[in-house]
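So you can see what is in the structure, the chains are spelled out below.
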Amino acid sequence: MPARLTAYPPDGAALVRVIEEGTAYRLGRASACELRIEHPSVSRFHAELEWRGDGWLLSDTGSKNGLRVDGHMVRSAQLAASTWFSVGDVQCSFERIDDAAAAAHRSAGLSRREVSRALSAQLQQPNIGMSTLIPQMLDMVLQLSGLDRGFVLYADAGRPLRVHASRALRPADLSGDRFAGSAAAVERVLASRKSVVCCDTTDSPWLAQRPSVRLGGIRALVCTPLLMQDGATGVIYADSRTPGPPVTELDLELVENVAGAAATALEAARLRDRIAGLIDALPDGDAPSWEDLRKVSA
């Protein structure tokens, strides 16, 4: 009988998998694990989950931080139809589902990837300007992540970052000591050039006590960089102040796909704007030489 497993790392996207009988699933940090959970409290090969004919058996495989089922430390346990267990410090929910629900889960994943590809293609339309492009990519990220509010920070090389689009946030929410987003998340993304995601900030060691998080009542967030090659810098930020479905690994994958397409589109739009500005600055009857255009596009 299939089941759905959801793991909730304190500082990462939720792992959601449908597991099928007839296969043994290893849980751990190692890349060879069928259910890979990235967290320092999780051993490389922490536990194993296997269908035993009449139910699912969860077994510790010699982990350092142990296995708990319904709060009790165990070496192994047969899981009920709906059970909570923890692998190290990572809480996991287990739920038996029928074949129809398993098929619906897989179909929904395929459908969402198709939506992400279609949205990314919209950003590649010729002659789309930055004033349209930036709000459009923010709307796409909010749609794919299921979060409520957001903004885009963007700056040309050597210039300070500024807010170029926002949703469900007033101008006052994005300035000074009233900043309503997570400044720590933005700073971490700018420093690492990697996405930050948190399903529940109240469980996050580095976000729970941050003033911007506590005062803003932020519960979940996604912050991802716009990775551009010409020195420009950008960040797409989205969050929610109400509990809701977890931000999953699939959500993050789709958001990063859109961010990648958006970064490419931004570079193209900026190049078009610079070439248009060069042409507009010329006297009537003049045209830029190929060498001029090569300098602009270099």
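As a reminder, the structure under discussion sits directly above these lines.
Residues numbered from 1 in each chain as written. Predicted model: local features only at pLDDT ≥ 70, side-chain atom pairs only at ≥ 80, totals over all residues. Heavy atoms only, no water.

Okay, the overall build of the protein next. When helices and strands are tallied, the protein shows six helices and 16 strands. Within the span of the protein, comprising 298 residues, buried residues form 45% of the whole. Long-range pairs, those at least 24 residues apart, make up 53% of the contacts in the protein with a sequence separation of at least 6. When the accessible surface of the protein is totalled, it reaches about 15100 Å², and 50% of it is carbon and sulfur. (Helix = DSSP H or I, 4+ residues; strand = E, 2+ residues; numbered from the N terminus. Buried < 20%, exposed > 50% of the residue type's maximum accessible area, 1.4 Å probe, protein only. Contact = heavy atoms within 4.5 Å. Areas by Shrake-Rupley, 256 points an atom, 1.4 Å probe, with all protein chains shown as cover.)

A word on the sheet that holds strand β8 (residues 72–74). One open sheet holds the six strands; their spatial order is β2-β1-β11-β10-β7-β8, and the pairing between them is antiparallel. Lying at the two open borders of the sheet, with one neighbouring strand each, are β2 (15–19) and β8. Strand-to-strand twist across the sheet, computed as the mean angle between neighbouring axes with direction ignored, equals 25 degrees. Pairing between strand β10 (residues 82–87) and strand β11 (residues 90–96): six bridges, direction antiparallel. Note on β11: the bridge partner recorded for threonine 83 is phenylalanine 94. (Pairing = 2+ DSSP bridges. Axes fitted to C-alpha atoms, helices over the stretch in contact; angles between N-to-C directions.)

For the rest of this paragraph, the subject is helix α2 (residues 130–145). Taking 1.5 Å of rise per residue, 16 residues should cover 22 Å, and α2 covers 22 Å from first to last C-alpha, within 8% of that figure. Those residues of α2 not exposed but buried are Met130, Leu133, Ile134, Pro135, Met137, Leu138, Met140, Val141, Leu142, Leu144 and Ser145. Looking one or two residues beyond α2, the residue adopting positive phi is glycine 146, at roughly 75 degrees. (Expected span 1.5 Å × (residues − 1).)

Attention now goes to the packing of aromatic side chains. The final tally for this structure, using the stated rule, is five aromatic pairs. Summarising the aromatic geometry, the rings of phenylalanine 151 and tyrosine 237 are spaced 4.7 Å apart at their centres and angled 20 degrees between planes, so their arrangement reads as stacked. Here phenylalanine 151 is found in strand β12 (residues 149–155), whereas its partner tyrosine 237 is found in strand β16 (residues 233–240), with 86 residues between them in sequence. Overall, the relative accessible area of 1% leaves tyrosine 237 in the buried class. An aromatic cluster is present here, built from Tyr25, Trp51, Trp56 and Phe94 joined pairwise through their rings. (Phe/Tyr/Trp six-rings, centres within 6.5 Å; stacked < 30°, edge-to-face > 60°.)

Right, let's get into the pairing of β16. In terms of residue burial, β16 counts as a mostly covered element, since seven of its eight residues are buried. Sheet analysis places β12 next to β16, joined by seven bridges and oriented antiparallel. Note on β16: the bridge partner recorded for phenylalanine 151 is tyrosine 237. The pairing of strand β15 (residues 220–226) with β16 spans seven bridges and is antiparallel. Within β16, the position partnered with cysteine 223 by the bridge is tyrosine 237. Linking β15 to β16, which pair antiparallel, is a turn of six residues; within it glycine 231 sits at a positive phi near 95 degrees.

A few words now on the nonpolar core. Generally speaking, nonpolar side chains in soluble globular proteins are found buried as a group. Grouped together as the largest cluster of nonpolar side chains are 40 residues, with contacts concentrated most on Leu123, Met137, Leu226, Ile236 and Leu266. At the level of secondary structure, the elements contributing two or more residues to this core comprise α2, β12, β15, β16 and α5 (249–280). Among the elements that take part in this core, α5 stands out by supplying 12 residues, more than any other. Apart from the residues within four sequence positions on either side, leucine 266 is in contact with Met130, Leu133, Ile134, Met137, Tyr154, Leu226 and Met228. By size, the runner-up hydrophobic cluster in this structure holds 25 residues, among which are Tyr25, Trp56, Val87 and Val90. (Core = buried A, V, L, I, M, F, W, Y, C linked by side-chain atoms within 4.5 Å.)

A few words on the sheet that holds strand β9 (residues 76–79). Across the sheet, five strands lie side by side as β4-β3-β5-β6-β9; this open sheet has mixed pairing. Where the open sheet ends on each side, the last strands, each with one partner, are β4 (35–36) and β9. Here strand β3 (residues 24–28) runs beside β4; their pairing, made up of two bridges, is parallel. Bridging across to β4, glycine 28 finds its partner in arginine 36.

Within the secondary structure, methionine 228 sits in the loop between β15 and β16. With 35 residues separating them along the chain, methionine 228 and alanine 263 place their C-alpha atoms 5.8 Å apart. Each residue touching methionine 228, except ones within four places of it in the same chain, is listed here: Tyr154, Arg193, Thr233, Gly234, Ala263, Leu266 and Glu267.

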